[in-house]
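Here are the chains, one letter per residue:
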Amino acid sequence: MSDDPVDQASGLGPRASVEGDQASEKTDTAPAPGADAIPVSDPASQELAAETSEPSEARGPRPEASEKTDTAPAPASDSAPLTDPASEELAAETSERSEARGPRPEASGEVERELKRLSRRGFLTAGVAAAAGYGTWKWLTTRQRIDGLQWPLRRVLQLNESVAESYFGTARLTPTFPPSRIKRPARLNGNLGLDPRFDPAAWRLLVEGAEGPVTLSLDDIKALPRHDQITEFRCIEGWSMIVKWTGVRLADLMARFPPPERVNYIAMETPDRGYYVGLDMQSAMHPQTLLAYALNDELLSMPHGAPLRLAIPVKYGIKNIKRIGVIRYTNVRPADFWAEQGYDWYAGH
Amino acid sequence: MKRLVRKHPLAIRWFHWINFPLLALMIWSGTLIYWAYPIYRIGAGSHTLVAMNLSQPAWKTLHVNNRLAEGMAFHFFFMWLFAINGIAYVLYTAISGEWRELVPNRHSFKEAWYTLLHDLHLRKEPSPPRKFNGAQQIAYTLIVLMGLGSLLTGLAIYKPVQFSWLTTMFGGYPTARFFHFWLTAGYVAFFVVHVGQVIKTGWNNFRAMIIGYEVQNSAEAANE
């Protein structure tokens, strides 16, 4: 490397400097291995290299160029400390030059100044970004709540629901298992809506929103095609168990007692309305969505939701309502017990 | 003689520092979900070394009990940002060529072993002064693969019917949940080691992750 400061500054004299600039440009657009060893960096440094190379094309010691190099950086970095990449270039070049010549206190000062400038910019950006992040978090967590959830969270749950519905396929089934995998006895969880004064003999299923009024006994329901399935029951808490359900398809019931017009939702309630769920039509019409009257080959026990409950493997357990009293076809998004407590209304798989 | 050397591209620094709070939020909301059914443990057979659980008083003191609904809502909110940032990072490293420094090569494993010995004070020679040594290459690639694993096991337990093939691939729903949990534990372990290494390596190295540049002595530079 030449010791001539003019050549160094020119960018033409010492080839290494030119190459450095090219490599640095590459670093910015497509960082390549080894590029980090090159001290210069910003694309704008190209400009400076071009500028300074101009005088040197004359191939003679040009004091102006040297002077420019020596005086330019300080004011530039002072006047535009956050944006002026030219000064970075200068600092780097200076340090390179000093390497060739041995330690130079002024050059060391330049590196320190440049480091300060970069640090100021970097840490200022980091501080602003951190403050913005914290502010966003504060904003998010203090929004007005809809059914226990800040509205942006609610909105995203609904967005997730739209995404899920867009790829939902009723042909995609939950896996079924051999009888050896059945968990006996099935775990019991919750008795919401199960009024102990309930009289199963007097029970009828009301279907609301069909052509005419529909009141069905358990035998009426059993007249529909019977289906058995050994599927996984997944609680929203995280546990799961494999159980065998016997019942009729909700889709078959709806086909037998259809609504006069297309509807989007099905609501279900216990007779005392102590528990209620809302279902989207896709999930309700899934072939594995059963109105079940038997669990693990035995008629439903009272705690498991006799005489009729929902077995819907495409939803979490919370949607598998026990002791159904009313089924209603509706275009109004039905109320849902747990959705009102901050849970996702859709809660689907 | 000191000089400034460009180390971390701007994009990588943004991806890294955006990922940090997002991963923290995913872990935090994930634990709120986990406490609803905290069954995992470290142990063998009937012997449990560490139960991944808290006592009732601890739950209440930390105020993390009965927050399943909230945990799920936050988890299914930030999952998008976490996934998008992670995918963008991988695409960036792939397109920019940065991956060449990050992905381990055939020397990385031997080098990582030496680095480990050095860090344990069993070997004198320090790691080579490259941007990422073998141990770092392995760690930073592994963490990306773990991220992919979290996305996939997460999807497997989020939509176990529509993506039942994925759930089955991970050995079923409970097993997918198991992997999803232990990957998270892996992040926590990574975090502890990572922060420890950053503290040990010092301010110049840490600052480079903020400002992009590192100060190098010419003696070091001569090595390269």
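Definitions and limits used
Residues numbered from 1 in each chain as written. Chains lettered and ligands numbered in written order. Predicted model: local features only at pLDDT ≥ 70, side-chain atom pairs only at ≥ 80, totals over all residues. Heavy atoms only, no water. Phe/Tyr/Trp six-rings, centres within 6.5 Å; stacked < 30°, edge-to-face > 60°. Lys NZ or Arg CZ within 6 Å of the ring centre and 35° of its normal. Salt bridge = Lys/Arg side-chain N within 4 Å of Asp/Glu carboxyl O. Helix = DSSP H or I, 4+ residues; strand = E, 2+ residues; numbered from the N terminus. Buried < 20%, exposed > 50% of the residue type's maximum accessible area, 1.4 Å probe, protein only. Contact = heavy atoms within 4.5 Å. Buried area = accessible area lost by both parts, 1.4 Å probe. Polar contact = N/O pair within 3.5 Å; in protein donor to acceptor, adjacent residues only side chain to side chain. Nonpolar A, V, L, I, M, F, W, Y, C, P; charged D, E, K, R; others polar.

Visitor: Would you mind going over the packing of aromatic side chains in detail, with residue names and values included?
Guide: Inspection of every chain in the model, using the stated rule, returns 34 aromatic pairs over all chains. When the ring of Phe337 of chain A is compared with that of Trp338 of chain A, the centres are 5.1 Å apart and the planes differ by 80 degrees; the resulting orientation is edge-to-face. Chaining the aromatic ring pairs together yields one cluster made of Tyr34, Trp35, Tyr40, Trp59, Phe178, Phe179, Phe181 and Trp182 of chain B. Above the ring of Tyr293 of chain A, the side-chain terminus of Lys222 of chain A is found at 5.1 Å from the ring centroid. Above the plane of the ring of Tyr346 of chain A lies Lys315 of chain A, whose end atom (NZ or CZ) is 3.6 Å from the centre.

Visitor: Would you mind going over the pattern of salt bridges in detail, with residue names and values included?
Guide: Counted by the stated rule, this structure contains 19 salt bridges over all chains. We note a salt bridge from Arg197 of chain A to Asp195 of chain A, for which the minimum N-O separation is 2.9 Å. The closest approach of N and O atoms between Asp119 of chain B and Lys200 of chain B, which form a salt bridge, is 3.0 Å. A residue pair is termed long-range when its members are at least 10 positions apart, and Asp119 of chain B in helix H5 (residues 108-119) and Lys200 of chain B in helix H8 (residues 173-201) qualify at 81 residues. Exposure remark for Lys200 of chain B: the relative accessible area of 53% places this residue in the exposed category. Bridged by salt links that share partners, the residues Glu208, Glu269, Arg273 and Arg328 of chain A form one connected network.

Visitor: Kindly report on the interface of chain A and chain B, identifying the contributing residues and their values.
Guide: Across the boundary between the two partners, chain A contributes 66 residues, which contact 51 residues of chain B. Across the chain A/chain B interface, buried area totals approximately 4,900 Å², and carbon plus sulfur atoms make up 67% of it. In this assembly, chain A and chain B are joined by one salt bridge. Among the ionic pairs, Glu112 of chain A bridges to Lys2 of chain B, the shortest N-O distance being 2.3 Å. At the junction of chain A and chain B, the tally comes to eight residue pairs in polar contact (both at pLDDT 80 or more). Broken down by secondary-structure element, the contributors of at least two residues to the side of chain A that touches chain B are helix H2 (15-29), helix H6 (86-101), helix H7 (105-141), helix H8 (151-167) and strand S5 (226-234) of chain A. Looking at the side of chain A that touches chain B, the element that brings in the most residues is H7 of chain A, giving 15 residues. Within the side of chain A that touches chain B, the residues separate by chemical class into 34 nonpolar, 19 polar and 13 charged.

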